[in-house]
Amino acid sequence: MLALLAAGQSRRFGDRDKLSAMLGGKMLGLHAAQAAADLPVSPKLVIASSDPDCAAGWRDLGYRVVASPDAARGQATSVRLAAAHAIEAGASALCIMLADMPFVTSGHLARLIESFEQSGRTSTVASSCNGQAMPPAIFPSGALKGLSELDGDAGARAMLADARLVAGDDQMLMDIDTEKDLAQANLIFGKIR
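As the structure is a computational prediction, the values presented were derived from the model and not from experiment. Residues take numbers from 1 onward in each chain, read along the sequence in its written order. In keeping with the model being predicted, local features are shown solely for residues with a pLDDT of at least 70 and side-chain atom pairs are shown and tallied solely at 80 or more, while totals for entire chains, interfaces and linings include all residues. Side-chain numbers come from the whole structure's heavy atoms, not from hydrogens or water.

Q: Which residues make up the pattern of salt bridges, and what are the values?
A: We count a salt bridge whenever a side-chain nitrogen from Lys or Arg sits within 4 Å of a carboxyl oxygen from Asp or Glu. Summed over the entire model, instances satisfying the criterion amount to four salt bridges. Of the charged contacts, one joins Arg 121 and Glu 117 as a salt bridge, the two residues approaching to 2.4 Å between their closest N and O atoms. When accessible area is computed with a 1.4 Å probe and restricted to protein chains, residues below 20% of their type maximum are described as buried, those above 50% as exposed, and intermediate ones as partly exposed. Its relative accessible area of 33% is what places Arg 121 among the partly exposed residues. The salt bridge partner of Glu 149 is Lys 145, with a shortest N-O separation of 2.4 Å. The exposed category is assigned to Lys 145, whose relative accessible area is 53%. Bridged by salt links that share partners, the residues Lys 18, Asp 100 and Asp 177 form one connected network.

This is the structure in structure tokens:
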């Protein structure tokens, strides 16, 4: 199962919906979803607040949008909700991505899956930049109960401490938190597209 976390409060971004802000002619929240759309992972969920502007685009890409009623209480609520859906579905693994990481590529996601398969589907596998573990990450079924019990705004960060790491770089693993980040991302997008 794959869960794209999109229910953050975006407090540092200002008053508007961060994920509907435009990046390279497309809403920010659709870039990461597009990168994962063709992965051989099912089902694909977006954990979102109420009914964001990106919802129709996510559905068009094959995602099911699940509302996170407790999103204001921190990222862990979205992780818990994703884990609960994975447990209910009997998923053998849960890939967690963040909707505000627009430069994650399908190739990087494929390398995460390959590393997970090489572990015998028993190890957590995370992206890393400068040795720091971060999403996107894949958690084996044995980690789902722990994910379903998380609390606070740190999400699953503590559960990545012993993860197998798949290196990315600053650009690929950039997340958009502020208007300045979005401006920088638009500059990058113009150079790579």
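The discussion continues.
Q: Now, about the pairing of strand β8 (residues 132–140): what can you tell me, with residues and values included?
A: Taken across its nine residues, β8 has seven buried, putting it largely inside the fold. Where strand β6 (residues 93–98) lies against β8, four bridges are found, and the strand directions are antiparallel. The residue of β8 that forms the bridge with Ile 96 is Ala 137. Connecting strand β7 (residues 125–129) to the next strand, β8, in antiparallel fashion are two residues, including Asn 130 with a positive phi near 55 degrees. Runs of H or I in DSSP of at least four residues are treated as helices and runs of E of at least two as strands, each being numbered from the N terminus. Pairing between strands is defined by DSSP: at least two bridges between them are needed.

Q: Describe the sheet that holds strand β4 (residues 44–48), and please don't skip the residues or the numbers.
A: The sheet built from seven strands is open, its strands ordered β5-β4-β1-β6-β8-β7-β9 with mixed pairing. The open sheet has two edge strands, β5 (64–67) and β9 (164–167), and neither has a second partner. Recorded for the sheet is a direction-independent mean angle of 30 degrees between the axes of neighbouring strands. Pairing geometry for strand β1 (residues 2–6) and β4, over five bridges, is parallel. Across the sheet, Leu 2 pairs through a bridge with Lys 44, a residue of β4. Whether two residues are in contact is decided by their heavy atoms, any of which lying within 4.5 Å being enough. Working convention: axes come from line fits to C-alpha atoms, limited for helices to the stretch in contact. Angles between N-to-C directions cover 0 to 180 degrees. Relative to the sheet, helix α1 (residues 28–36) contacts β1, β4 and β6, its axis offset from that of β1 by approximately 175 degrees.

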